[in-house]
Structures are given as C-alpha cells and as structure tokens.
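So you can see what is in the structure, the chains are spelled out below.
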Amino acid sequence: SIKNYRIIQLIERMFQRLGKLEKLELIGLGLNHIDQQAFDGLEASLIELNLDSNSLDSIPSNALGSLKRLRKLTLSQNRIRSLGSNAFFKCSSALTTLDLSYNYLTDVDDSAFNGPIQNSLRNVLMQNNELKWNHFVQILFNLHQLTELNVDFNKLSVRSSDLDESVVSNEHYFDVQLSLVAL
C-alpha cells in the first residue's frame, strides 16, 4: 500500500520484481499517467488494484490489459469525465468489480463495456457522478452478469419521451439511489 506520497506517473516495469503481489493500493498519489507497461511483472498475480483519489482523467486500459487475474479495480475519486469507446475492452475476463464512484462522469459510450468484461462484471459502482438516464440503461443492457449497479446521487434526467406518458408529463430531474440485484 502506497498512500499520500507524490508520484504523478507510473513508469514501465515499475513493479517487475513484485511478481507475487496480489493487492496493490496506490491511493492519493496525484497519479495522472500510467505507462502501458507499468504493471509488467504482475500479470499472473495481481487480483486487486486500487487507484483511488488520484488525478487520472481517463481509463488506463492499455496498462490494465495485461492483468489477467484482476478481479477488482477501483478508480474512484479521480477526474474521469467520460468512458470512451472500448474503454475496458482489454480488461481481463476475471474482472468482477469496478468502482468509478466520485468522478465527473457525464458520458458513457455505447461500447465502453464491450469485450470480455461484458460476461464477468457483476458489481459496478458509479455513485456521485453526473450520469444521465440513457447511460444507466445502456449499462444494464450491456453487462450480462450484473448483480449490483450503484448509481446513487447521479442527476438522472428523464423526459416524458423516455417513460410512459402516464408516469410523467414534463421533464424531471432527480437523484436516484438504486442498487440492482439480478433475480
């Protein structure tokens, strides 16, 4: 666990000699760049990666692609504003939990969750962002094993065209506290 030091980038092969490491916490370091080969050496061991409270503004998908056993990824409290096309495409099919809470998410591309994680991701935490109704719906349809989706405290905008007319007659804005449990 490395906390509250100032490290703004992870360079290639930074953890090469830690080949048995299963959990890595890099919290509050001010990270804003992760080299594509930063996690070389951890491909077969790393199960949990916590990058909480840094300055990342995008998903470091190239760096994450080699982590074949990664089950839990925490990217909360960063500066991520959007999830672009195939943002998690290179992520391992072992990934079951993804935490993107407390970012600035306003946009989720239709293909952001394409790839192996479509059939493995079970828990998605996206509370305290700025997501819209259509993003929430597309997450539900794209993740086949989803059992928990937390979108608490997002400002989900719903227009009458999105719902049955008997439910709403005007555009409404509201906070939603929701956890989804698959039956």
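Residues numbered from 1 in each chain as written. Predicted model: local features only at pLDDT ≥ 70, side-chain atom pairs only at ≥ 80, totals over all residues. Heavy atoms only, no water.

**Digging into the nonpolar core**
Just so we agree on the cut-off: Only buried residues count toward a nonpolar core. Its members are Ala, Val, Leu, Ile, Met, Phe, Trp, Tyr and Cys residues joined through side-chain atoms within 4.5 Å. In this scheme, a residue with accessible area under 20% of its type's maximum is buried, one over 50% is exposed, and one in between is partly exposed, where area comes from a 1.4 Å probe on protein chains only. For the purposes of this entry, the term helix denotes a DSSP run of H or I that reaches at least four residues, the term strand denotes a run of E that reaches at least two, and both are numbered from the N terminus. Note on contacts: a residue pair qualifies if any of its non-hydrogen atoms lie within 4.5 Å across the two residues.
Within the largest apolar cluster, 44 residues are counted, with the highest numbers of intra-cluster contacts made by Phe 39, Leu 49, Leu 83, Phe 88, Leu 100, Phe 113 and Met 126. Mapped onto this core, the elements with two or more residues apiece are β3 (23-27), α1 (61-64) and α2 (133-142). If sequence neighbours within four positions are ignored, Leu 49 has contacts with Leu 24, Phe 39, Leu 64, Leu 67, Leu 70, Lys 72, Leu 73 and Thr 74.

**Quick look at the environment of Gln 77**
You can see Gln 77 is positioned in the loop between β6 (72-74) and β7 (82-83). On the basis of relative accessibility, which here comes to 39%, the residue Gln 77 falls in the partly exposed class. Separated by 23 residues in sequence, Gln 77 and Leu 100 have C-alpha atoms that sit 7.6 Å apart. The contact partners of Gln 77, leaving out residues within four places of it in the chain, are Asp 52, Ser 53, Asn 54, Ser 101, Tyr 102 and Asn 103.

**Some remarks on the pairing of β3**
Using the following cut-off: By definition, two strands form a pair when at least two bridges between them are found by DSSP.
Among the five residues that make up β3, four are buried, leaving the element largely enclosed by the rest of the structure. Bridge count for strand β1 (residues 2-3) against β3 is two bridges, and the pairing is parallel. For Ile 2, the partnering residue across the bridge sits in β3 and is Leu 26. Two strands pair when backbone bridges link them, and β3 and strand β5 (residues 48-50) are joined in this way by three bridges, in the parallel orientation. Bridge assignment links Glu 25 to a residue of β5, and that residue is Asn 50.

**Some remarks on the environment of Ser 111**
The criterion, for reference: In the analysis that follows, any N or O atom pair within 3.5 Å is treated as a polar contact, provided that within protein one partner can donate a hydrogen and the other can accept it, and provided that, for residues neighboring in sequence, both atoms belong to side chains.
Checked against the element boundaries, Ser 111 lands in the loop between β9 (107-108) and β10 (123-125). Along the primary structure Ser 111 and Gln 138 are separated by 27 residues, whereas in three dimensions their C-alpha atoms are 9.2 Å apart. Engagement of the side chain of Ser 111 in a polar contact is seen with the side chain of Ser 85, the distance being 3.0 Å.

**Here we look at the sheet that holds strand β11 (residues 148-150)**
Pairing between the strands of a sheet is mediated by backbone hydrogen bonds and can be parallel or antiparallel. The strand order across the open sheet built from seven strands is β1-β3-β5-β6-β8-β10-β11, with neighbouring strands paired in parallel fashion. Unpaired on one side and paired on the other, β1 and β11 mark the two borders of the sheet.

**Things to note about α2**
Quick note on the threshold: Arc definition: directions from the helix axis to the C-beta atoms.
For α2, the complete set of buried residues consists of His 135, Phe 136, Gln 138, Ile 139 and Asn 142. Down the axis of α2, the smallest arc covering the buried residues is 165 degrees, so these residues share one side. In this structure, the buried residues of α2 make contact with β9 and β11.

**Notes on the side chain of Ser 120**
Along the polypeptide, Ser 120 turns up in the loop between β9 and β10. When its relative accessible area of 8% is taken as the criterion, Ser 120 is described as buried. Non-local contacts of Ser 120, meaning those with residues more than four positions away in its chain, are made with Ser 92, Ser 93, Ala 94, Leu 95, Thr 96 and Gln 145.

**Observations regarding the environment of Ser 53**
Structurally, Ser 53 can be placed in the loop between β5 and α1. Accessibility expressed as a relative area gives 25% for Ser 53, which makes it partly exposed. Through-space distance from the C-alpha of Ser 53 to that of Thr 74 is 9.7 Å; in sequence the pair is 21 residues apart. With residues up to four places along the chain from it excluded, the contact list for Ser 53 reads Ile 27, Gly 28, Leu 29, Ser 76, Gln 77 and Asn 78.

**A word on unusual backbone geometry**
In this model, Asn 128 sits at a positive phi of 55 degrees, which is unusual for a non-glycine residue. Positionally, Asn 128 belongs in the loop between β10 and α2.

**Details of the packing of aromatic side chains**
In plain terms, the rule: Two rings from Phe, Tyr or Trp (for Trp, the six-membered ring) form a pair when their centres sit within 6.5 Å of each other. Planes less than 30 degrees apart are called stacked, planes more than 60 degrees apart edge-to-face, and all others tilted.
All told, the structure shown has two aromatic pairs when counted by the stated rule. Aromatic side chains Phe 15 and Phe 39 sit 5.9 Å apart centroid to centroid with 10 degrees between the ring planes, which places their arrangement in the stacked category. Linking Phe 15 in the loop between β2 (9-10) and β3 with Phe 39 in the loop between β4 (33-34) and β5, this pair joins segments that are 24 residues apart in sequence. Phe 39 matches Phe 15 in its accessibility class, with the two residues each being buried.

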